[in-house]
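# Structural characterization, general
Spelled out from the first residue to the last, the chains are:
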Amino acid sequence: MRLLHTSDWHLGRAFHRANLLGAQAEFIGHLVTTVREREVDAVVVSGDVYDRAVPPLAAVELFDTALHRLADLGVPTVMISGNHDSARRLGVGAGLIDRAGIHLRTEPSAAGTPVILRDAHGDVAFYGLPYLEPALVKDEFAVDRAGHEAVLGAAMDRVRADLATRARGTRSVVLAHAFVTGGQASDSERDITVGGVAAVPAGVFDGVDYVALGHLHGCQTITERVRYSGSPLAYSFSEAGHRKSTWLIDLDADGSVGAERVDCPVPRPLARIRGTLDDLLADPELTRHEDAWVEATLTDPVRPPEPMARLTERFPHTLSLVFDPDRAQDDPRVSYARRLAGRSDQQIAQDFVAHVRGSGPDEHEAAVLREAFDTVRADHAEREVAR
């Protein structure tokens, strides 16, 4: 069975001030063409269909178009909700849509109930694990501690239990939306850290033939059977080096996996350039970036006059301007944002305690901070679900 694995469409999202709806529509067209020309048997979409819980109307219309075009091909599609989606909203009409061969899996309670597709070699069971917010699903999965590994482990226990009841030789595919250990993050994913831990080990998914992951925006291989497709478009300048693609997966009769990357259309290349304003305007090596979306970091010791206006004369698609004068890290003039770069909310809070008190938090106080951050994040997720 040939699968096309994609995720993280984030329909409705912009890139800085650039509207991406046209580029997202172009990707949908590319997806449909790939399904038809490469004789794909099933499409899997591993979450974050939309960029936010209440998407703009234009994004909903594009999603509707995508569903119709996929249904018209007669190729079944299995998709799950991600942490950006409202599972309840995405799942509206799932029963009716199911009849058209579009299988939406947004309910955690259905983790062990597969979509069964068949090829010449028998059944393939597709298990959809929507994004599992630990604080909201811990009771459903009867886990003592609300953590990603615990709830995903419990969901996978249901998958393996159901798979054990299937005919011998039944192959299995799991769709999941999570941060798996070994994956490389970018700046455009929403933080899903719980209790100071964001990642779960790949071993949680043992026992199935292929795991189609979503959440991280870079296409990457965790193991031969566990992969991220990544987002089809870049959503931050940290993705400037990404090759955006989907995975074409061939699932053989014995469950072995063959994988091929299929490149996605690129609406405009990304470039991150750094230097003094005068150097950026004069450097002939930067000519290749003049038609790119540009993030320019200026290292001038004093902010130059009208930097954006001057930059856009050479780089008309400059979207981001950052000031970062070349200074030592301990220089008091180093920007607050630069000092905090790469630090988690927990680390920033602990640094603040150390700054005002003269010593950092002890183990108990650090646990209180973690609980506070987890509570706020879970409350935000619950309010998103209720919208």
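Under an unreviewed UniProt entry, the name given to the chain is Nuclease SbcCD subunit D, and the organism recorded is Streptomyces musisoli. What UniProt records for the chain under Subunit (unreviewed entry) is the sentence "Heterodimer of SbcC and SbcD." The UniProt entry for the chain carries the following text under Function (unreviewed entry): "SbcCD cleaves DNA hairpin structures. These structures can inhibit DNA replication and are intermediates in certain DNA recombination reactions. The complex acts as a 3'->5' double strand exonuclease that can open hairpins. It also has a 5' single-strand endonuclease activity."

## Thoughts on helix α8 (residues 307-314)
Restricting attention to buried positions, one finds in α8 the residues Pro307, Leu311 and Arg314. Buried residues in α8, looked at end-on, bunch into an arc of 55°, giving them a common side. The inward-facing, buried residues of α8 contact α7 (277-282), β16 (293-298) and β17 (318-323).

## Examining the sheet that holds strand β4 (residues 42-46)
Across the sheet, which stays open at both edges, the 6 strands sit in the order β6-β5-β4-β1-β13-β14 with mixed pairing between neighbours. One side of each edge strand has no neighbouring strand; the edge strands of this open sheet are β6 (102-105) and β14 (257-263). For this sheet, the mean angle separating the axes of adjacent strands, direction not counted, is 20°. Alignment of strand β13 (residues 245-251) against β14, held across 7 bridges, turns out to be antiparallel.

## Some remarks on the packing of aromatic side chains
Scanning the model with the defined rule gives 4 aromatic pairs in all. Seen from the ring of Phe323, Arg303 lies directly overhead, with NZ or CZ sitting 3.7 Å from the centre.

## Let's talk about the nonpolar core
The nonpolar side chains of soluble globular proteins are, as a tendency, buried together. Membership of the largest hydrophobic core comes to 34 residues, with the highest contact counts inside it found for Leu129, Val174, Phe205 and Leu213. Counting only elements with at least two residues in this core, the list comes to β8 (122-129), α6 (148-164), β9 (171-177), β10 (210-214) and β12 (226-228). The element that contributes the greatest number of residues to this core is α6, accounting for 7 residues. Other than its neighbours up to four places away in sequence, Leu213 contacts His5, Ser7, Ser46, Ala176, Val180, Phe205, Ile222, Val226, Arg227, Tyr228 and Ser229. Grouped together as the second largest cluster of nonpolar side chains are 27 residues, Trp9, Phe27, Leu70 and Leu104 included.

## Quick look at the side chain of Glu239
Checked against the element boundaries, Glu239 lands in the loop between β12 and β13. Residue classification places Glu239 among the buried residues on the basis of a relative accessible area of 2%. In this structure the side chain of Glu239 is engaged in a polar contact, spanning 3.2 Å, whose partner is the backbone nitrogen of Tyr235. Setting aside residues no more than four positions away along its own chain, Glu239 makes contact with Ser186, Ser188, His217, Ser231, Leu233, Ala234, Lys244 and Leu270.

## Notes on the pattern of salt bridges
Scanning the model with the defined rule gives 19 salt bridges in all. Arg268 serves as the salt-bridge partner of Asp291, at 3.0 Å between the closest nitrogen and oxygen. Of the two residues, Asp291 is situated in the loop between α7 and β16 and Arg268 in the loop between β14 and β15 (270-275); the sequence distance between them amounts to 23 residues. In the salt-bridge network here, residues are joined through shared partners; they are Arg274, Asp324 and Asp326.

## Here's the deal with the sheet that holds β8
Pairing is mixed across the open sheet formed by 6 strands, whose spatial order is β7-β8-β9-β10-β12-β11. Of all strands in the sheet, those bounded by a partner on one side alone are β7 (115-119) and β11 (220-223). Strand-to-strand twist of the sheet, defined as the mean angle between neighbouring strand axes without regard to direction, takes the value 20°. Sheet topology note: the β8/β9 ladder contains 6 bridges and is parallel. Along β9, the bridge assignment pairs Leu129 with Ala176. Against the sheet, α6 touches β8 and β9, its axis set at about 160° to β8.

## Overview of unusual backbone geometry
If you check the backbone angles, Asp48 has positive phi at about 55° while not being a glycine. Locating Asp48 in the fold gives a position in the loop between β4 and α2 (57-73). With a relative accessible area of 1%, Asp48 lands in the buried category. Backbone geometry places His215, a non-glycine residue, at a positive phi of 125°.

## Observations regarding the side chain of Thr246
Its location among the elements puts Thr246 in strand β13. When sequence neighbours within four positions are dropped, the list of residues in contact with Thr246 reads Leu4, His5, Thr6, Phe27, Glu260, Arg261, Val262 and Cys264.

Cut-off values and rules
Residues numbered from 1 in each chain as written. Predicted model: local features only at pLDDT ≥ 70, side-chain atom pairs only at ≥ 80, totals over all residues. Heavy atoms only, no water. UniProt positions renumbered as here; feature names shortened; annotations may be inferred. Buried < 20%, exposed > 50% of the residue type's maximum accessible area, 1.4 Å probe, protein only. Helix = DSSP H or I, 4+ residues; strand = E, 2+ residues; numbered from the N terminus. Arc of directions from axis to C-beta. Contact = heavy atoms within 4.5 Å. Pairing = 2+ DSSP bridges. Axes fitted to C-alpha atoms, helices over the stretch in contact; angles between N-to-C directions. Phe/Tyr/Trp six-rings, centres within 6.5 Å; stacked < 30°, edge-to-face > 60°. Lys NZ or Arg CZ within 6 Å of the ring centre and 35° of its normal. Core = buried A, V, L, I, M, F, W, Y, C linked by side-chain atoms within 4.5 Å. Polar contact = N/O pair within 3.5 Å; in protein donor to acceptor, adjacent residues only side chain to side chain. Salt bridge = Lys/Arg side-chain N within 4 Å of Asp/Glu carboxyl O.

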